[in-house]
Amino acid sequence: MKNSNRVIAAVLTTVLAVPLAAAPAHAAPAITVEVIASNGSGCAPGTASVVGNGDNTGFRIRYRDFVAEAGGGAAVVERRKNCQLGVLVTIPDGWTIAIASANYRGKAGLRSGSSALQRTSYYWQGASATERNDATFTGPMNGLWTTWDVAPVLAYTACGSQSVLNINTELRLDAGSSTGTSTISMGASEGDVDTLFNYSLAHC
């Protein structure tokens, strides 16, 4: 998979795909996360944010204007929306981190005859391994949706480093034979979790 968006300026370290003993939750160290790059029709500047979990087991992404539309009076450009985020993850010395799983949530209002695709891929910048999750939905559908992505192999970063996690998300809509307007979004409008990434931590 070609990753042409790897333009985030940061000093990064090589990802280690090695088996390590995950740390117990009570011993989790302080981890900081920060959006340092945002690009795409689904996340205009200031519309995507990231917040670390209080127990340092993961982080949440909140999208405020990530919606695709098709059919009815929707413009052609509204059928596909995408967002490319660069999240800087900082861990203290003596620890290493991997992404263990991801949970994606949103809302869909799909007319009969329409279909939608939600695609998310992520990778540590500088690493060759990319995880990707595709989910398809067909109308009629009206309500919340959620999907899970569990990493088949834990790719750990170097010990005590700053690493950028590149997250690419896309929404596509096909009106098909439907009439009226269909929508799909990365916003659930319930609670504050639209996308949740869970860590696996280990001692170096």
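Throughout this description, residue numbers start from 1 for each chain and increase along the sequence as written. The predicted origin of the model limits local features to residues at a pLDDT of at least 70 and limits the giving and counting of side-chain atom pairs to 80 or more, whereas totals for whole chains, interfaces and linings rest on all residues. With hydrogens and water set aside, each side-chain value is computed from the structure's full complement of heavy atoms.

Enquirer: Explain empty space enclosed by the protein here, please?
Expert: Remark: the empty space left among the atoms is shown by a probe the size of a water molecule rolled over them. Only protein atoms enter the 1 Å grid used here, on which a cavity is any set of points holding a 1.4 Å probe that cannot leave and a pocket is any open set flanked by protein within 12 Å on both sides along at least five of seven lines; residues with an atom within 4 Å of a point are listed as lining. Grid points are joined across faces, edges and corners, and a volume is the space filled by probe spheres set on the points. Here the structure, examined in full by the defined rule, presents one cavity of 30 Å³ or more. In this structure, the largest cavity occupies an estimated 110 Å³ of space. In terms of lining residues, the largest cavity is bounded by Ile 99, Tyr 122, Tyr 123, Trp 124, Ala 129, Glu 131, Ala 151, Val 153, Ala 155 and Leu 165. Among the residues making up the lining of the largest cavity, the classes are represented as nine nonpolar, no polar and one charged. Residues are grouped as follows: nonpolar covers Ala, Val, Leu, Ile, Met, Phe, Trp, Tyr, Cys and Pro; charged covers Asp, Glu, Lys and Arg; every other residue, Gly included, is treated as polar.

Enquirer: In this structure, what is going on with the pattern of salt bridges? I would like to understand it.
Expert: Any two side chains of opposite charge can pair, on the condition that their charged atoms come close. By definition here, a salt bridge exists when the distance from a side-chain nitrogen of Lys or Arg to a carboxyl oxygen of Asp or Glu is within 4 Å. Here the structure, examined in full by the defined rule, presents six salt bridges. Here Asp 134 makes a salt bridge to Arg 119, at a shortest N to O gap of 2.8 Å. Separated by 15 residues along the polypeptide, Asp 134 in strand β8 (residues 131-138) and Arg 119 in strand β7 (residues 115-124) bring together distant segments of the chain. Taking the relative accessible area as the measure of exposure, Asp 134 reaches 35% and is therefore partly exposed. The partner of Arg 172 in a salt bridge is Glu 170, and the shortest N-O contact between them spans 2.2 Å. Type-normalised accessible area, obtained with a 1.4 Å probe on protein chains alone, sets the label of each residue: buried when under 20%, exposed when over 50%, and partly exposed for intermediate values. Judged by its relative accessible area of 38%, Arg 172 is partly exposed. It is possible to trace a salt-bridge network through shared partners that takes in Arg 80, Glu 170 and Arg 172. By definition, any uninterrupted DSSP run of H or I lasting at least four residues is a helix, any uninterrupted run of E lasting at least two residues is a strand, and each is numbered from the N terminus.

Enquirer: Honestly, the state of the cysteines in this entry has me stumped. Any pointers?
Expert: Disulfide: a covalent bond formed between the sulfur atoms of two cysteine residues. Counting rule for disulfides: a pair of cysteine sulfur atoms within 2.5 Å. This model, assessed by the stated rule, comprises two disulfides. Here Cys 43 pairs with Cys 83 through a disulfide, and the sulfurs are 2.2 Å apart. Sign of the S-S torsion, about 100 degrees for the bond between Cys 43 and Cys 83, identifies this disulfide as right-handed. In this pair, Cys 43 sits in the loop between β1 (32-39) and β2 (48-52) while Cys 83 sits in strand β5 (residues 80-90), placing the two residues 40 residues apart along the sequence. Summarising the burial analysis for this pair, Cys 43 and Cys 83 share the class buried. One disulfide bridge connects Cys 159 with Cys 204, the sulfur atoms lying 2.0 Å from each other. The disulfide joining Cys 159 to Cys 204 has a torsion of about -125 degrees about its S-S bond and is therefore left-handed.

Enquirer: Whenever I open this one, the pairing of β7 confuses me. Can you help?
Expert: Side-chain direction in a regular strand flips from residue to residue, so the side chains alternate between the two faces of the sheet. Of all 10 residues in β7, eight are buried, a share of seventy percent or more. When DSSP finds two or more bridges between a pair of strands, those strands are recorded as paired. With eight bridges joining them, β7 and β8 adopt antiparallel strand pairing. Note that in β8 the partner of Gln 118 across the bridge is Ala 135. Connecting β7 to the antiparallel partner β8 that follows it, the hairpin turn spans six residues, and Gly 126 within it adopts a positive phi of roughly 95 degrees.

Enquirer: So what exactly am I meant to see when it comes to the nonpolar core here?
Expert: One broad trend across soluble globular proteins is that nonpolar side chains are buried collectively. Counting residues in each nonpolar core, the largest one holds 41 residues, and the members touching the most others are Phe 59, Val 89, Tyr 122, Ile 167, Ile 184, Phe 197 and Tyr 199. Here the element with the most residues in this core is strand β6 (residues 95-110); it accounts for seven residues. If near-sequence neighbours (up to four positions away) are discounted, Ile 184 is found in contact with Phe 66, Val 67, Ala 68, Lys 107, Ala 108, Ala 116, Phe 137, Trp 145, Leu 171 and Leu 173. For the purposes of this section, nonpolar cores are sets of buried Ala, Val, Leu, Ile, Met, Phe, Trp, Tyr and Cys residues that join through side-chain atoms within 4.5 Å. When checking whether two residues touch, look at their non-hydrogen atoms; a contact exists if any pair is within 4.5 Å.

Enquirer: I'm lost on the pairing of β2 in this one. Help?
Expert: Both β2 and strand β3 (residues 58-63) contribute to a ladder of five bridges, which runs antiparallel. Each bridged residue has a counterpart across the sheet, and for Val 51 the counterpart in β3 is Arg 60. Counted along the chain from β2 to the antiparallel partner β3, the turn is five residues long, and its residue Asn 56 has a positive phi close to 60 degrees.

Enquirer: Sorry if this is basic, but what is going on with the sheet that holds β1 here?
Expert: Two orientations exist for strands paired in a sheet by backbone hydrogen bonds: parallel and antiparallel. One open sheet accounts for five strands, arranged β1-β5-β10-β7-β8; its pairing is antiparallel. Strands with a single pairing partner mark the edges of an open sheet, and in this sheet they are β1 and β8. Each adjacent strand pair in this sheet contributes to an overall mean axis angle of 15 degrees, direction not counted. Strand direction decides the pairing type here: β1 and β5, joined by seven bridges, are antiparallel. The residue of β5 that forms the bridge with Asn 39 is Gln 84. All axes here are fitted lines through C-alpha atoms, helices being fitted over the stretch that makes contact, and every angle between N-to-C directions spans 0 to 180 degrees.

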